[in-house]
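Summary of structural features
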Amino acid sequence: MAQHDVKKQMAELREQIEKHNYAYYVLDQPSISDAEYDELMRKLMELEEQYPQYKTPDSPSQRVGGAPLEAFKKVTHRVPMLSLSNAFNEGDLRDFDRRVRQEVGDVRYVCELKIDGLAVSLRYEDGYFVQGATRGDGTTGEDITENLKTIRSLPLRLQKQVTVEVRGEAYMPRKSFEKLNEQRKMNGEELFANPRNAAAGSLRQLDPKIVAARQLDVFIYSVVNSEEIGLVSHSESLRYLDELGFKTNPTWQVCETIDAVLAYIEKWHERRTSLPYDIDGIVIKVDAFAQQKQLGATAKSPRWAIAYKFPAEEVVTQLVDIELSV
Ligand SMILES: CC(C)(C)c1nc(N2CCN(c3ncccn3)CC2)c2cc(C(N)=O)c(N)nc2n1
């Protein structure tokens, strides 16, 4: 086959595979069978083997992970990853609402599920994924780019050729967690206590092939350079993230009043066991960026957001009465 055609065929294969990736991992709507998908991937990897000069950094073959790293490089976040102050009851939330309204007047909030995973920062240049890092201490994190590439819902190339930094929560779906602990139990290994620890432990692996087997996922929840891009509110930035091809959590809601916020909290506190991942609360954010700017941030956390933490579960353990042989 002529060189030009090979290059074109490889580009088409990448396009097709990433389209099926998006349908399966972002939209949860598989568009072809696993066998057909694997066949496309096999063909692409065969051509990349034969014509390495046509291999590209956004190729889906780059997801399965290269050689293990010696160590993780340090990354300094250009914009620090702030913490969230916590609310534990209705009173705390009404105090937050009162303070916000005192300072900025009428306000709309966006409520989001607080995914129980670990915060990551992703940088894209001209639409290509170039670096991913852990939150670390908020200022300095670890470069886990190769590990994050194994997350199928993380786009290696965006739908627009933009340079953007986004933040999100990497997590392990409950099904993956249960399967992983099953395997560890069989191998007599120590079990992970919860999906959050399993996700953290997985992303700390130096061998990306191990990470690829852990079936992690990620929800993206903010655009760092939103002003530069011309976005005016948090809800607009969530829609923009969808347009770029990111996986965002579809349960977010605009709430005009603190009572609507309380209703959202109540609804998702009840429904949380039906979710395929763990959440440990709800994050409430002032929607308008102009008002976020007015409210500003303390050294640690924004004054325009708060995390409502669900009460700790009373862990019901089946206490087996132990017949003490006297
Ligand atoms: C951008 C802001 C600061 C408002 C923000 N910060 C978050 N977090 C900060 C504290 N983080 C943290 N992590 C470890 C130690 C201290 N803080 C963990 C992420 C958010 C976490 C989630 C989530 N989990 O689903 C979310 N939907 N929105 C967030 N939004």
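Here, the structure is the one placed above.
The numbers attached to residues start from 1 for each chain and follow its sequence in the written order. In keeping with the predicted nature of the model, local features appear solely for residues at pLDDT of at least 70, side-chain atom pairs appear and are counted solely at 80 or more, and the whole-chain, interface and lining totals rest on all residues. To get the side-chain values, all heavy atoms of the structure are used, and hydrogens and water are removed first.

**Quick look at the sheet that holds strand 11 (residues 305-309)**
- Two strands qualify as a pair provided that DSSP identifies no fewer than 2 bridges between them. Labels follow the DSSP assignment, with helices taken as runs of H or I lasting at least four residues and strands as runs of E lasting at least two, numbered in each case from the N terminus. Reading across from one edge, 2-11-10-3-9 is the order of the five strands in this open sheet, with mixed pairing throughout. In this open sheet, the two strands that pair with only one neighbour each are strand 2 (86-87) and strand 9 (253-255).
- Sheet topology note: the strand 3 (residues 109-115)/strand 10 (residues 279-286) ladder contains seven bridges and is antiparallel. Within the sheet, the bridge partner assigned to Cys-111 lies in strand 10 and is Ile-284.
- We call two residues contacting when some pair of their heavy atoms lies within 4.5 Å. Every axis corresponds to a line fitted to the C-alpha atoms, with the helix fit spanning only the stretch in contact, and the corresponding angles, defined between N-to-C directions, vary from 0 to 180 degrees. Lying over the sheet, helix 3 (residues 90-104) contacts strand 2, strand 3, strand 10 and strand 11, oriented at roughly 170 degrees with respect to strand 11.
- Packed onto the sheet, helix 9 (residues 234-244) meets strand 3, strand 9 and strand 10 and runs at close to 55 degrees relative to strand 3.

**Notes on the pairing of strand 7 (residues 164-171)**
- With eight of its eight residues buried, strand 7 lies for the most part within the structure.
- Each residue's exposure class comes from its accessible area (1.4 Å probe, protein chains only) as a fraction of the maximum for that residue type: buried when under 20%, exposed when over 50%, partly exposed otherwise. Residues Val-164, Val-166, Gly-168 and Ala-170 of strand 7 are buried on one face, and the alternating residues Glu-165, Arg-167, Glu-169 and Tyr-171, pointing to the opposite face, are buried as well.
- Bridge count for strand 4 (residues 118-125) against strand 7 is seven bridges, and the pairing is antiparallel. Across the sheet, the residue bridging to Leu-118 is Ala-170, located in strand 7.
- Note that strand 7 and strand 8 (residues 217-223) share six bridges and pair antiparallel. Opposite Arg-167, over in strand 8, you have Ser-222 as the bridge partner.

**Some remarks on the packing of helix 3 against helix 10 (residues 258-271)**
- Two elements in contact, helix 3 and helix 10, have axes whose closest approach is 10 Å; the angle formed by their N-to-C orientations is 145 degrees. Classified by chirality, the crossing of helix 10 by helix 3 is right-handed. For the pair helix 3 and helix 10, contact is made by Glu-90, Leu-93, Arg-94 and Asp-97 and by Ile-258, Asp-259, Leu-262 and Ile-265, respectively.
- Among the residues making up the contact of helix 3 with helix 10, the classes are represented as four nonpolar, no polar and four charged. Two helices cross in a left-handed way if the nearer one is turned anticlockwise from the farther one by less than a right angle. They cross in a right-handed way if the turn is clockwise. For this scheme, ten residues count as nonpolar: Ala, Val, Leu, Ile, Met, Phe, Trp, Tyr, Cys and Pro. Four count as charged, namely Asp, Glu, Lys and Arg, and the remainder, Gly too, count as polar.

**Re helix 1 (residues 3-26)**
- Spanning 24 residues, helix 1 covers 34 Å between terminal C-alpha atoms, matching the ideal 34 Å at 1.5 Å per step.
- What helix 1 keeps buried is the set Val-6, Met-10, Leu-13, Arg-14, Ile-17, His-20, Asn-21, Ala-23 and Val-26.
- Summarising the contacts, the buried residues of helix 1 are in contact with helix 2 (34-50). By this rule, a helix spans an expected 1.5 Å times one less than how many residues it contains.

**Points about the site of the ligand**
- Throughout, the term near means that a residue has one or more heavy atoms lying within 4 Å of the molecule or strand in question. Neighbouring the ligand are 14 residues, the closest being Leu-82, Glu-112, Ile-115, Glu-169 and Lys-285.
- Between N or O atoms, a polar contact is any pair within 3.5 Å; within protein, one atom must be a potential hydrogen donor and the other a potential acceptor, and residues adjacent in sequence are included only when both atoms are from side chains. The contact in question runs from a nitrogen atom of the ligand to an N or O atom on the side chain of Lys-285, over 3.0 Å.
- Accessible surface is estimated by sampling points in the Shrake-Rupley manner with a 1.4 Å probe; for residues, cover comes only from the protein chains shown. Here the ligand loses 78% of its free accessible area of 610 Å² to cover by the protein chains.
- Those elements that provide at least two residues to the shell around the ligand are strand 3 and strand 10.
- Ranked by residues supplied to the shell around the ligand, first place goes to strand 3 with four residues.
- Grouping the amino acids of the shell around the ligand by side-chain chemistry returns eight nonpolar, one polar and five charged.

**Side note on the nonpolar core**
- By convention a nonpolar core is built from buried Ala, Val, Leu, Ile, Met, Phe, Trp, Tyr and Cys residues, the set being connected through side-chain atoms within 4.5 Å. The biggest cluster of nonpolar side chains holds 37 residues, and the ones touching the most others in it are Leu-122, Tyr-124, Leu-148, Leu-154, Leu-203 and Phe-246.
- Listed by contribution, the elements that provide at least two residues to this core are strand 4, strand 7, helix 5 (174-186), helix 6 (195-203), strand 8 and helix 9.
- Not counting chain neighbours up to four residues away, the residues in contact with Phe-246 comprise Val-26, Leu-122, Tyr-124, Pro-155, Leu-158, Val-166, Ile-220 and Leu-241.
- The next biggest cluster of nonpolar side chains, apart from the first, holds 29 residues, and it includes Ala-87, Phe-96, Ile-265 and Tyr-277.

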